[in-house]
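Chain by chain, the residues run as shown.
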Amino acid sequence: MKNTLFSPMHKRYVKKLKRNKIVITCAQIGVLVVFLCLWELLAQVGFIDAFLMSSPTRIWRTLADLYLNGQLFYHVWVSLFETLLGFLIGTVGGTAIAVVLWWSKPLRDVLQPYIVVLNSLPKIALGPIIIVWAGTGQKAIVTMAVLISIIVTIITMLGGFLQTSPEKILLLESMNANKMQIFFKLVFPANLSTLASCLKINVGMAWIGSIMGEYPVSKAGLGYLIVYGGQVFKMDLVMACTIVLCLLAGVMYFLVALLEKFFVKWKS
Amino acid sequence: MKPVLTFDKVSMTYYTKANETQALKDLSFDLFKGEFMSVLGPSGCGKTTLLSLASGTLKPTQGQILLDGKQVTKTSTDVGYMLQRDHLFEWRTIYKNVLLGLEIQKKMTDENVKHCERLIEEYGLKEFKNHYPMQLSGGMRQRVALIRTLALKPKVLLLDEPFSALDFQTRLHLCDDVHAIIKKEGITALLVTHDISEAISMSDRIAILSPRPAKLHRMHETNLSHHPTPLQRREDPTFAPQFERLWKEVS
């Protein structure tokens, strides 16, 4: 039921809301602009050492160079591909394992301590093992991204599945529903928002995995460029790649949030 | 007349690691076709256990439960269940919520869908058909829950304090609505409640249970069926004395 006739008071209220939003957005942009200007200014007057701290214009030049010699998109693509693959395998695989564990209580009881331990373990520690087993190529990097995201996915999704209202399950049982129907009609749709928050977490996890994976062994990617830049003291390169990373992760997060809006549309 | 639902010397004991609790002991009663019966008892006396047994989600430790003369061993589509909360699925529209049972039982025939559409229309939910549950009031949601249950054409409807989560005004109105719907569709109903006035105003007979382990303390006849609605029954001169008597027996 949409109201189409509004009082002047309502108009004023909506106007205020809009103005608030504009002020916030301006302030957000303002913070970035002030930060960049200050950084540039301090570097120009020599208050900070541009060789160590870099500066916005130097970063911009580095990015332009990378773009012009075709390096930028090559490295972006390598990292993005590893991250997306790790993200997909981690999320889908983790959810699938969570489904199996929800289904079988005995299996869940047996595996629980192992999952807890794996969750607490810093996955980076497995780096050398992964390299020895999966080689030094992209396979190892994707494995790292999967490992980091899959355990969190299992724990989050299983927790969501198990929290499904027992009364709603009773209701379906009184309708003679089998376990498969209970899962697909109730447990899974009830946890679409859990899945959405899982996806959001995994955007971050997959990036951690792929960049950390690129650090020790790789010949391409943003993580490779950052480590290379650090080793040869090209801080402009390190900073430029970090900023590209920020942008990519931000865009990915935004897309996931968009997807969530589409799937949980009943909430609005 | 043959009863629709029979409890024959039913006992139920729950076991936990540290303890065992007898909830029901030698409970027997008959529920006849078209009848509205309430079960009244002190809180924690095993009223919900009784409904779980009738619906077949629990098995009695002793005795048997008969539905249309056949022993209840598992859940059956002849029994509908209405719970304290409406438990509508938030991600489904009202229409899709009503069709849930038919989907589960793979009975989406034209005839059954038409039956649902008739129920939706007749009980004033047509304009909300494509709304989501969040957009409806508590009383309205509970009405949808009733229609979702009726969509499966149950012979017996079990009601587990379905009004207790609502405010008093809504509750009185919904009692009238639900009573009218149940009588009109000719459904046999078994209501579990701790609200004495609700039990008197809605039912033909009231089974009063003793404290745990619950036995049948007394079967009470309300003799108010000459009034068409629960609200009118509340105004009958015998209502207050009945209330007083039951109140003493329950507490």
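1. Let's talk about the overall build of chain A
Thinking step 1. Scanning chain A from N- to C-terminus turns up 12 helices and zero strands.
Thinking step 2. Taken from the N to the C terminus, the helices and strands of chain A come in the order α-α-α-α-α-α-α-α-α-α-α-α.
Thinking step 3. Relative to a compact globule of 268 residues, whose C-alpha radius of gyration would be 18 Å, chain A shows 24 Å and is clearly more extended.
Thinking step 4. The principal-axis extents of the C-alpha atoms in chain A amount to approximately 75 × 70 × 30 Å.
Thinking step 5. Taken over 268 residues, chain A has a buried fraction of 37%.
Thinking step 6. Here the analysis covers contacts within chain A between residues at least 6 apart in sequence; of these, 71% occur between residues at least 24 apart.
Thinking step 7. If you sum the accessible surface of chain A, you get close to 16,200 Å²; carbon and sulfur atoms cover 74% of it.
Thinking step 8. Both charge centroids of chain A, one from 23 positive and one from 10 negative side chains, sit 14 Å from each other.

2. Here's the deal with the domain arrangement of chain A
Thinking step 1. Per the domain assignment, the segments of chain A are domain 1 (9-48) and domain 2 (72-267).
Thinking step 2. The C-alpha-based centres of domain 1 of chain A and domain 2 of chain A are spaced at 33 Å.

3. Looking at the interface of chain B and chain A
Thinking step 1. Taken residue by residue, the interface counts 25 residues in chain B and 20 residues in chain A.
Thinking step 2. Across the interface of chain B and chain A, roughly 2,200 Å² is buried in total on both sides, 66% from carbon and sulfur atoms.
Thinking step 3. The largest share of the area that chain B buries against chain A comes from His87, Trp91 and Ile104 of chain B, three residues that together contribute 30% of it.
Thinking step 4. Linking chain B with chain A are one salt bridge.
Thinking step 5. Its salt-bridge partner being lysine 185 of chain A, residue glutamate 103 of chain B comes within 2.6 Å of it at the nearest N-O pair.
Thinking step 6. Put simply, chain B and chain A have six residue pairs in polar contact (both at pLDDT 80 or more) between them.
Thinking step 7. The set of elements that each furnish at least two residues to the side of chain B that touches chain A consists of strand 6 (79-82) and helix 3 (100-104) of chain B.

4. Some thoughts on the domain arrangement of chain B
All names here are of chain B.
Thinking step 1. Per the domain assignment, the segments making up chain B are domain 1 (1-18 + 46-75), domain 2 (77-193) and domain 3 (196-251).
Thinking step 2. Taking only C-alpha atoms, the centre of domain 1 and the centre of domain 2 are 24 Å apart.
Thinking step 3. In total, about 1,000 Å² of surface goes out of reach between domain 1 and domain 2, with carbon and sulfur atoms giving 73% of it.
Thinking step 4. Three residues, Lys47, Leu51 and Leu67, lead the burial of domain 1 against domain 2; their summed loss comes to 46% of the area buried on that side.
Thinking step 5. Across the contact surface, domain 1 and domain 2 share one salt bridge.
Thinking step 6. A salt bridge links lysine 155 to aspartate 68; the nearest nitrogen and oxygen atoms lie 2.9 Å apart.
Thinking step 7. On inspection of domain 1 and its partner domain 2, the count reaches two residue pairs in polar contact (both at pLDDT 80 or more).

About the cut-offs
Residues numbered from 1 in each chain as written. Chains lettered and ligands numbered in written order. Predicted model: local features only at pLDDT ≥ 70, side-chain atom pairs only at ≥ 80, totals over all residues. Heavy atoms only, no water. Helix = DSSP H or I, 4+ residues; strand = E, 2+ residues; numbered from the N terminus. Rg over C-alpha atoms; globule rule 2.2 N^0.38 Å. Buried < 20%, exposed > 50% of the residue type's maximum accessible area, 1.4 Å probe, protein only. Contact = heavy atoms within 4.5 Å. Areas by Shrake-Rupley, 256 points an atom, 1.4 Å probe, with all protein chains shown as cover. Lys, Arg positive; Asp, Glu negative; His and termini not counted. Charge placed at Lys NZ, Arg CZ, Asp CG, Glu CD. Domains from an automatic or database assignment. Buried area = accessible area lost by both parts, 1.4 Å probe. Salt bridge = Lys/Arg side-chain N within 4 Å of Asp/Glu carboxyl O. Polar contact = N/O pair within 3.5 Å; in protein donor to acceptor, adjacent residues only side chain to side chain.

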